[in-house]
Amino acid sequence: MNFVNSFRAEWLKRRRSLASWLVVVGAFFTPSIITASRIKNHAALAPLYAADDFWRKLWNQSWESMEVFLLPIGIILATGLIAQIEYKNNTWKQLHTTPQSYTTVYAAKLLVVLLMLVQVFALFNVGVYLSAVIPSALFAGVPYPAAPIPFDDFWAANVNFFVDCLPIVALQYLLSLHFRNFLVPVGAGFALWFLGVGLLSWEYSYLFPYNHGAINFLTATGHFDGRKVPFRVEHLALVYAAAFTAAGWLLYVTKREKG
Amino acid sequence: MGCCVETVDLTHRFSEAEPALDRVRLQVTEGSIYGFLGPNGAGKTTTLRLILGLLKKQRGEIYVFGRPFTETRVETLRRLGSMIESPSIYAHLTAAENLQILQRVYRCPKRRVEEVLEVVGLARTGRKRAGQFSLGMKQRLGLALALLHAPTLLVLDEPTNGLDPNGILEMRGLLRTLNREHGVTILVSSHLLSEVEKLVTHVGIINHGRLLFQGTLAELLSRRRANASVVFETDDDAKAELVIRGLALSPNAVPGGVAIRGLEREQVAGVNRALVESGVGVFQIGRVESDLEKIFLDMVGG
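Below is a summary of the structure that appears in this document. (Residues numbered from 1 in each chain as written. Chains lettered and ligands numbered in written order. Predicted model: local features only at pLDDT ≥ 70, side-chain atom pairs only at ≥ 80, totals over all residues. Heavy atoms only, no water.)

**What to know about helix α8 (residues 183-199) of chain A**
Side chains three or four residues apart in an α-helix point the same way, a direct result of the helix having 3.6 residues per turn.
Residue and element names in this part refer to chain A.
Here comes step 1: Taking 1.5 Å of rise per residue, the 17 residues of α8 would be expected to cover 24 Å, and the 24 Å separating its terminal C-alpha atoms lies within 8% of that figure.
Here comes step 2: If you check which residues of α8 are buried, you get Pro185, Val186, Gly189, Trp193 and Gly196. All buried residues of α8 project into a common sector of 95° when viewed along the axis, lining one side. Those residues of α8 that are exposed and aimed more than 90 degrees away from the buried face are Leu183, Phe194 and Gly198.
Here comes step 3: The secondary structure elements touched by the buried residues of α8 are α4 (54-89) and α7 (151-178). (Helix = DSSP H or I, 4+ residues; strand = E, 2+ residues; numbered from the N terminus. Expected span 1.5 Å × (residues − 1). Buried < 20%, exposed > 50% of the residue type's maximum accessible area, 1.4 Å probe, protein only. Arc of directions from axis to C-beta. Contact = heavy atoms within 4.5 Å.)

Below, the structure is given as structure tokens:
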């Protein structure tokens, strides 16, 4: 029960925060652009909506910018902003004089970040669906997509992409808790993400923790030779996430000054 | 009465230089209002942060409610409310939401949120975000956060900072009520003795990391009496000084007369008699007590 209450308290803190707005904006950004583009070009949509692979194409189009670009940047910013709620308001000292173990506080905050990521995924999926149906609802010449939605495939892809994000979440969380200055975790995160993009053509790019989502997506769309990866990147992502979470916890509980 | 907070030889260094705290032995009696005094940078906040576990202890022991703090941290914090330096408030949330966060952590009844808002006079702030509050309102919200779970020990660091005179009076009244009617032990720091002398029952004075005085307010007041001077207003102060020196006393020339420090009540008549017999006219005899602020400044070398 202690943990549940701690989590509920942490969840309340994100209300009206910049991080909570980032979830909504980030999740609907790409679907909004796709929707706008389809509304503009509605006259040419009929054949597309009748195609058997309508949902697959839309899915790939939507995830392209999300997986490689928006999701890592969103995680870097949102994780930093969650930690900044305490730094900016000078509230670590209040939080650390409440009857909670440091482990509970650490885990509760991390769960908030993870649940916000779940929110992003859920809203993004809703956004993808809306980007398909809004044009057909608005224009008589655009039919409702004929192909059935491949729920199982989409669910599996969601789970894989989510797991791929975990190392970024864990490392950014570590940095965000450790450094008071918001620019440090955000700057480090951007630098690591840039480095990851630069390394994508490297043979062992799958070893870099910020690359798993991109590799997964590029493999699924045929732009990356998945045979180069001797194991499932999700497994490596889980190992990295566990290692970064443990390291972050150790740094957090042994911090000399707690507010 | 036992000790609610006790530190044994608490020593802390931020660098290799002079220690920020040097073997501090604080003893806060249960049921007391303990004024922890010292100038800025004396070591008050460092002591309080160590007591609350916000700084990692280096040397010495800290006991809260008679038990070692580090071993019983979570359990101890359940009975303790605190406000260190500026109030810790989530600026993007309302006063009630700020309290709801702690209400969830402490698992206290929801009605407590409204109750403490009423107590500190913030019940009608509604949807106004705490970031838009005045400094005084923030200070009161900080106190509400400290009071929410009805703690038995309150640790407050400079709680009247930023309050107007009326706010200071209100805060003082509130703390007194909590102490007298609810038995809350209060450890309150300040750099102004005059600000807390009307409130506290016990006093600790710290400077350069060393505890210079610790005792009841009555003990501090007796020091004041011991330091009192009797001033003789005469028609010839120079001659009066000579006469008084002849009585083996040490007079000081002060504006408007000659002062003798530490003069007992019975000696006053004798000095007066000697002055009159020597032909010195005595117009007025008065007792001047050093105020507590003066004693405090003398102790801290101000």
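And the narrative resumes.
**What to know about the interface of chain B and chain A**
Here comes step 1: The interface of chain B with chain A comprises 31 residues on the first partner and 28 residues on the second.
Here comes step 2: Approximately 3100 Å² of surface area, both sides summed, lies buried where chain B meets chain A, with 51% of it carried by carbon and sulfur atoms.
Here comes step 3: Broken down residue by residue, the surface that chain B buries against chain A is led by Leu54(B), Tyr90(B) and Arg104(B), which jointly contribute 22%.
Here comes step 4: One can count 3 salt bridges joining chain B with chain A.
Here comes step 5: The partner of Glu257(A) in a salt bridge is Arg49(B), and the shortest N-O contact between them spans 3.2 Å.
Here comes step 6: Scanning the region where chain B abuts chain A turns up 22 residue pairs in polar contact (both at pLDDT 80 or more).
Here comes step 7: For the side of chain B that touches chain A, the secondary structure elements donating two or more residues are α2 (73-77) and α3 (95-106) of chain B.
Here comes step 8: In terms of residue count, α3(B) provides more of the side of chain B that touches chain A than any other element does, 7 residues in total.
Here comes step 9: Here the residues of the side of chain B that touches chain A are counted per class, giving 16 nonpolar, 7 polar and 8 charged. (Buried area = accessible area lost by both parts, 1.4 Å probe. Salt bridge = Lys/Arg side-chain N within 4 Å of Asp/Glu carboxyl O. Polar contact = N/O pair within 3.5 Å; in protein donor to acceptor, adjacent residues only side chain to side chain. Nonpolar A, V, L, I, M, F, W, Y, C, P; charged D, E, K, R; others polar.)

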